[in-house]
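Residue-level listing of the chains:
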Amino acid sequence: MVETLFEDIFRVDTLDPDGKKFDRVSRISARSEQFDMLMHLDINTEIYPMRAGEKFMMVLASTLNLDGTPDSGYYTPGNRKSPADKFDYVMQGKLYRISEETREKQVKADMYVSFGGLLMMLKGDPSIAARFELDQKLFILLRKV
């Protein structure tokens, strides 16, 4: 059984909040429904278009193997089943920074992941960040709901 490290439904608030930088990539700003997490995520909108107001499920997992074994890092073709089969957009990346900040007596954790140059920032409850490790390989899986 695949262990997901984080899973929630997000609603896109804005596209490119700092202005459009690239032709085929947009940065979305989204907030999660259950855990009230804020996410900024770079997405290749040429292959996976997103619009403000859309909802999508986002899952972070450390492996795509159904038995939960660590990913080898190599692509192995075949008819293997994977959690990715149920999602529309999947990227592999690396968690490169975890930090905490305190504002008005509220502690928030920031996690930063690079998916081959497409970046994600996830900000929210520090107990969620405690499930992750620095330099951890992660898969992000997205599906519109």
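For clarity, every value in this text was computed on a predicted model and none was experimentally measured.

Definitions and limits used
Residues numbered from 1 in each chain as written. Predicted model: local features only at pLDDT ≥ 70, side-chain atom pairs only at ≥ 80, totals over all residues. Heavy atoms only, no water. Helix = DSSP H or I, 4+ residues; strand = E, 2+ residues; numbered from the N terminus. Rg over C-alpha atoms; globule rule 2.2 N^0.38 Å. Buried < 20%, exposed > 50% of the residue type's maximum accessible area, 1.4 Å probe, protein only. Contact = heavy atoms within 4.5 Å. Phe/Tyr/Trp six-rings, centres within 6.5 Å; stacked < 30°, edge-to-face > 60°. Lys NZ or Arg CZ within 6 Å of the ring centre and 35° of its normal. Core = buried A, V, L, I, M, F, W, Y, C linked by side-chain atoms within 4.5 Å. Polar contact = N/O pair within 3.5 Å; in protein donor to acceptor, adjacent residues only side chain to side chain. Pairing = 2+ DSSP bridges.

Along its length, the chain carries one helix and eight strands. What you see for the chain is a C-alpha radius of gyration of 15 Å, in line with the 15 Å of a compact globule of 145 residues. Considered along the principal axes of its C-alpha atoms, the chain spans approximately 50 × 35 × 25 Å. By residue count, 41% of the 145 residues in the chain fall in the buried class. Of all intrachain contacts in the chain linking residues separated by at least 6 positions in sequence, the fraction that spans at least 24 positions is 60%.

Let us look at the packing of aromatic side chains. Under the counting rule described, the total for this entry stands at five aromatic pairs. Between Arg143 and the ring centre of Phe87, over which it is positioned, the NZ or CZ distance is 4.6 Å. The ring centre of Tyr48 lies 4.9 Å from the NZ or CZ of Lys144, which sits over that ring.

By size, the foremost hydrophobic cluster in this structure holds 32 residues, and its most contacted members are Leu41, Phe56, Met58 and Leu122. Setting aside its immediate chain neighbours within four residues, Met58 contacts Phe6, Glu7, Asp8, Phe10, Met39, Leu122, Ile140, Leu141 and Leu142. In terms of nonpolar packing, the next biggest core, distinct from the first, is built from eight residues, Met57, Val59, Phe87 and Phe139 among them.

Along the chain, Arg143 turns up in strand S8 (residues 137-144). By relative accessible area, Arg143 is classed as partly exposed at 26%. As for Arg143 and Val59, which are separated by 84 residues in sequence, their C-alpha atoms are 9.0 Å apart. If we ignore the near neighbours within four places in the chain, the residues touching Arg143 are Tyr48, Phe56, Met57, Lys86, Phe87 and Asp88. Within the local environment of Arg143, its side chain forms a polar contact with the backbone oxygen of Lys86, the two atoms lying 3.0 Å apart.

Pairing geometry for strand S5 (residues 89-103) and strand S6 (residues 106-115), over nine bridges, is antiparallel. Within S6, the residue paired with Thr102 across the bridge is Val107. Between S5 and S6, which pair antiparallel one after the other, the connecting turn spans two residues, and Glu104 there sits at a positive phi close to 50°. Of the pairings in the sheet, the one linking S6 to strand S7 (residues 118-124) comprises seven bridges and is antiparallel in character. Each bridged residue has a counterpart across the sheet, and for Ala109 the counterpart in S7 is Gly124. Hairpin remark: S6 followed by S7, antiparallel, with two residues in the connecting loop; positive phi at Gly116, about 60°.

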